[in-house]
Each structure stands twice: as structure tokens, then as C-alpha cells.
Amino acid sequence: MQLPNLTIREIHQLLLTKKISSVELTQATLQRAHEIDPKINSYVTITDDLALEQARQADECLAKGENITPLTGIPFAMKDCISTRGVRTTCSSKILKDYVPQYNATVTNKLADAGAVLIGKTNMDEFGMGSSCENSAFFNTCNPWDLTCVPGGSSGGAAAAMSAGLCNFSIGEDTGGSVRMPAGFCNVTGIKPTYGRVSRYGLIALVSSFDCIGPMTRDAYDCATVLETIAGHDQYDSTTFNLPVPRYTKNIGKSVKGMTIGIPKEYFVSGMEAGVESSIQEAIRTYEKLGMVVREVSLPNTKYALPVYYLLLFAEASSNLARFDGTRFGLSVADNAKDVLDIYLQTRREGFGDEVKRRIMLGAYALSAGYYDAYYLKAQKVRTLLRRDFELALSAVDILLAPTCPTTAFKLGEKTSDPLEMYLSDIYVVATNPAGVPALSLPAGFSNNMPVGMQLIGKHLDEQSLFQIGHAYQQETDWHKKLPSI
Ligand code: GLN
């Protein structure tokens, strides 16, 4: 039995019926991670001791029949930008290489309370800046489907660990596609929830007004289960909705007949890989067979999505990253420092990688007096237009369907010399974050033997429909069950 590749609910049954214990499962997962991960490099830190301790506690709950949740005893991995008390949290940056948080993120606490077992922290583009995981200060992560290809970014480690069976779910973070794009590249299901649905407390901020924590799983059902656990109001994050969390699995299995899909015409333009386009067309036909109504819709401001996203990202990130100055968190370089400014400069010069520096400089420029109105303010106004595009399109249909990426995973090194090329690979995923709407990426086939991702975009707070419609597709297809031969 290949335990790492089972769904959460399959393992839950094995645990409930005592066919396996969480300690056995955790030991097997850790062993597999130590054996296989040196080929993939998905983990920055493997938390052996903590995992075994959490597994022992989970087994106690299972033995007593107390506090059992669907995640009790299930091994998971977490992107290394989410705070874990006592466990190094690096953002894959030199500046936080040895930073050990003194508190847990709300998501970390919720998963611990649910009895999930943390196997380790996963590699990412430094501070979430990138689309290939190649901006990690530590090492590149490889795509388990082809080790010469990128896993996508920035949550590349979390997706690769899932795909290679080194955990049973993982937690990523999506500021502009960082859950969906690697999920698409690695044949995993992943969701960016509605902005404000999941607490960001303890998430090391990239863009506070875009950032969303979201799960990666084997299928839509599992994704609903994990989101239900981590979502909800948090007194420590005032941007979270003060609304009850619905049962995200509630509509799963209900017929999708008569529901409507909008196909945004701006997302189907030249430049898309032929195999990606044909997979998406095939998925549309699958939905038609299920009785869904498909119609074309327009998101007319799509052409501004990428520049607006990046401009606002540069601005907010440059401000958020000001806190890393050598006097509070992580690295401090003070060689013969003349004054405190010298400590700031030396630490940041040494601690940040090239992409982070590039974005901080561009952000500081966009926010500076004289340019603020022309760039930052203008971009905020266009952001409202992007949001209205989604509201209008989604007022006529239940969900939108689009590719997750224009291509499948590209080769390691292929885009590193041209930042603009790299930014362009985000073309389909970035607009949802300024707009705040939820989006689910699902495995939808293969092109040249590499996974293709399809994205379902929903109305604010309507994750339920995404899971219902995503699950309906996964009942008709088995792309999500395909595994790399690693
Ligand atoms: N590719 C996006 C970027 O580089 C990903 C950001 C994210 O979602 N963390 O900004």
C-alpha cells in the first residue's frame, strides 16, 4: 500500500479502523522524505521529533476516541513563511536563515489543535517572490515529474512534496498564484481562498492586501476538508471575515447540472501551449457532458492585471520588508558599523537576494513623493476595475474556468536571466488576488508528459461551489490520481 499517495479521508478510515497508527504513518513518511527528498529538495527543514510527538498525541486521541477530527494524525508540510514556534521559519531567505519564531501562526495552531502532524517546512522563492522556486537562497526544488524542470513558485516546495508523496497535504501561500501555479505544475489540487477567509496572523507578509494561505491536496474533497479547518475569524487578523465557516464539503456530490461556467475570452489568446489549450477545451466538454451551461464572458481589464499586480506588490513588499533591518529579526551584519544606518545597509545587502532587492527598489520608487500618484494610486484605481470585472462576469455565471498557466513546467534556468519572462508566466493567476476572489486549481491532463492545471474562479466567499464543481470534474477524470514515478 502506498500510504503517502492516499487521500486524507482514506487515511482517516485506516486510522479509525486501527489498520495503521499515526506513529507508523509518520515514521514511514519521514523515512520516505529522508530517502527521496535529496533528489527533489522540497523541504528546508524536516521536523522529525515534533512530528513523532504530534503523532503520538494523535494516536492517544484515536485510542480514547476523543477530539478526533478528519485531520487527526495526518502528516502535512508547510511553506516556510508561516510561523512555527520553536521551528526555524526562513522564507527561504538568508536574512531569516536562523530565525526561530516565538509564536505560532493562527493556521499552525489550528492544524495542531486538529491533530495534524507537521513533517516539515518547505522551500519557496525568497519571501514568495518568484514563479519557479529558483529564488530560494538555499537551493532549487525540482519538479517530481521531471527533475530538470521547475516545480513552479513560489510555494514550489509544498507542491513538490505533495506530488512526490512526502506528506498527505501541504499548506501554501498565494499572493499572486503561489498556491495554484505550483499545484498546476506538479499535478496537485490547490486553492487560494477568498481574501480574509483564512487568518494571516503569523504569516510573514509579502503583500498584506493580497496574501492568502491555502491548502494543496490530492483532490477537491480533501482541499475542502483542510480549508474548513484553517478558515475563520481571528481576533489577531482584523481583515478576517467575522462569519461562520460553512461546511465546505456540503455540496460535494450534488449535481452540477444547470450550473453555469464562464470562459473569459481574454484568457484564450496566442502564446498558450497547444497541449494546455486542448486539455482545457477537453475539460470544458467534460462539464458540458455533466449538463453545465458554458458561455463566453469578458474580463476587459485583464491586460492591466500583470502590471497592476506587480506595481502594487513592489510597493507593499518594499514597505513590509523594511522590518528586516538587522536590529530585530534574523541576520544582523554590523562589521565595523559606523552607525545604525550602516547596520541596516550591511544586513540588507548581505541578507536579501537579487529579486528581493529589485522589488524593494522598484517599490520604493513607486511610493516616492512625485511618483506615488502616477504609479501607486493609479494602480489602486485599476485594481478596483479588475475587481469589478470579476463581479460583473460572476454575476452572470456560477464560476469562471481558465488555464492555471499558459505552459506546463519550464526547465530549471530557462527564465532566470529575464525577470519579465518569469513575471509573464503568472498572467492567469495574478488578477484574482487584487480582486480578492477565490480560485481552485485542479489537475486537467498532460502536455508533453507534464501536468496541466485548470483554474476555477468563484464569487467572493463561494468556495463551496468551487469544491462542488471541482469534485464533479474529478469524478469524471482521473488526472488527479496520476503520480510521478519518483
Ligand atoms: N509569481 C508571483 C510573484 O512572483 C507569486 C507571488 C506569490 O503568490 N507569493 O510575485
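Below is a summary of the structure that appears in this document. Small disclaimer: the values here were computed from a predicted structure and weren't measured.

Parameters at a glance
Sequence positions are assigned chain by chain, starting from 1 and proceeding in written order. Two thresholds apply to this predicted model, a pLDDT of at least 70 for residue-level local features and 80 or more for giving and counting side-chain atom pairs, whereas whole-chain, interface and lining totals are computed over all residues. To obtain the side-chain values, all non-hydrogen atoms of the structure were included, while hydrogens and water were left out. Residues with no salt bridge and a relative accessible area higher than 30% make up the patches, which join like charges within 9 Å and nonpolar side chains (Val, Leu, Ile, Met, Phe, Trp, Tyr) within 5 Å. For the area figures, the Shrake-Rupley method with a 1.4 Å probe applies, and any residue is considered shielded solely by the protein chains shown. In the sections that follow, a salt bridge refers to a side-chain nitrogen of Lys or Arg positioned within 4 Å of a carboxyl oxygen of Asp or Glu. Helix numbers and strand numbers start at the N terminus; a helix is a DSSP run of H or I with at least 4 residues, a strand a run of E with at least 2. For every residue, the accessible area obtained with a 1.4 Å probe (protein chains only) is divided by the maximum for its type, and the residue is called buried under 20%, exposed over 50%, and partly exposed between those limits. Pairing between strands is defined by DSSP: at least two bridges between them are needed. Interaxial angle, 0 to 180 degrees, is taken between N-to-C directions of lines fitted to C-alpha atoms, where a helix line uses only the stretch in contact. Residues are treated as being in contact if the distance between any of their heavy atoms lies within 4.5 Å. In the analysis that follows, any N or O atom pair within 3.5 Å is treated as a polar contact, provided that within protein one partner can donate a hydrogen and the other can accept it, and provided that, for residues neighboring in sequence, both atoms belong to side chains. Each cavity reported here is a set of points on a 1 Å grid over the protein atoms alone in which a 1.4 Å probe fits but cannot get out, each pocket an open set with protein on both sides within 12 Å along at least five of seven lines, and each lining residue one with an atom within 4 Å of a point. Grid points are joined across faces, edges and corners, and a volume is the space filled by probe spheres set on the points. The nearness test applies per residue and asks whether one of its heavy atoms lies within 4 Å of the molecule or strand. Each molecule is checked against the cavity or pocket grid, and it sits inside if more than half of its atoms lie within 2 Å of the grid points. Gly is put with the polar residues, along with every residue not named as nonpolar or charged; the nonpolar set is Ala, Val, Leu, Ile, Met, Phe, Trp, Tyr, Cys and Pro, and the charged set is Asp, Glu, Lys and Arg.

A closer look at a nonpolar patch on the surface
Together, Tyr365, Tyr371 and Tyr375 make up a nonpolar patch on the protein surface, roughly 290 Å² of accessible area in all. Relative to the elements of secondary structure, tyrosine 365 occurs in helix α11 (residues 354–367). Assessed through its relative accessible area of 41%, tyrosine 365 is described here as partly exposed.

Some points on the sheet that holds strand β9 (residues 399–403)
Taking strand neighbours across the sheet as the criterion, the 11 strands line up as β1-β3-β2-β4-β6-β5-β10-β11-β9-β7-β8 in an open arrangement whose pairing is mixed. Both outer strands of the open sheet, β1 (43–46) and β8 (293–297), are each paired with one neighbouring strand and no more. The mean angle between the axes of side-by-side strands here comes to 30°, regardless of whether they run parallel or antiparallel. Here strand β5 (residues 189–192) runs beside strand β10 (residues 439–447); their pairing, made up of 3 bridges, is antiparallel. The residue bridging glycine 190 from the neighbouring strand is serine 441, located in β10. In the packing of helix α8 (residues 274–289) onto the sheet, contacts are made with β7 (260–264), β8, β9, β10 and β11 (450–457), and the angle to β11 comes to roughly 50°.

With respect to the side chain of serine 178
Inspection of the secondary structure assignment puts serine 178 in the loop between β4 (169–174) and α6 (180–186). At a separation of 2.6 Å, a polar atom in the side chain of serine 178 contacts the side chain of serine 154. Setting aside residues no more than four positions away along its own chain, serine 178 makes contact with Lys79, Gly128, Gly130, Gly153, Ser154, Ser155, Glu173 and Met216.

Things to note about empty space enclosed by the protein
Inspection of the entire model under this criterion finds 4 cavities of 30 Å³ or more. Here the largest cavity defines a volume of roughly 80 Å³. In this structure, the largest cavity is lined by 15 residues; those nearest its centre are Gly130, Gly176, Ser178, Tyr309 and Asp426. Ranked by residues supplied to the lining of the largest cavity, first place goes to helix α9 (residues 305–320) with 3 residues.

Remarks on the site of the ligand
Around the ligand, 17 residues are found, and the nearest of them are Thr175, Gly176, Ser178, Tyr309 and Asp426. At 2.5 Å from an oxygen atom of the ligand is found a side-chain nitrogen or oxygen belonging to serine 178. One of the side-chain N or O atoms of arginine 359 is found 2.9 Å from an oxygen atom in the ligand. For the ligand, the protein covers 100% of the area, taking 300 Å² as the surface of the free molecule. Assessed atom by atom at 2 Å from the grid points, the ligand resides in the largest cavity. The set of elements that each furnish at least two residues to the shell around the ligand consists of β4 and α9. It is α9 that provides the largest number of residues to the shell around the ligand, a total of 3 residues. Broken down by class, the residue content of the shell around the ligand amounts to 5 nonpolar, 8 polar and 4 charged.

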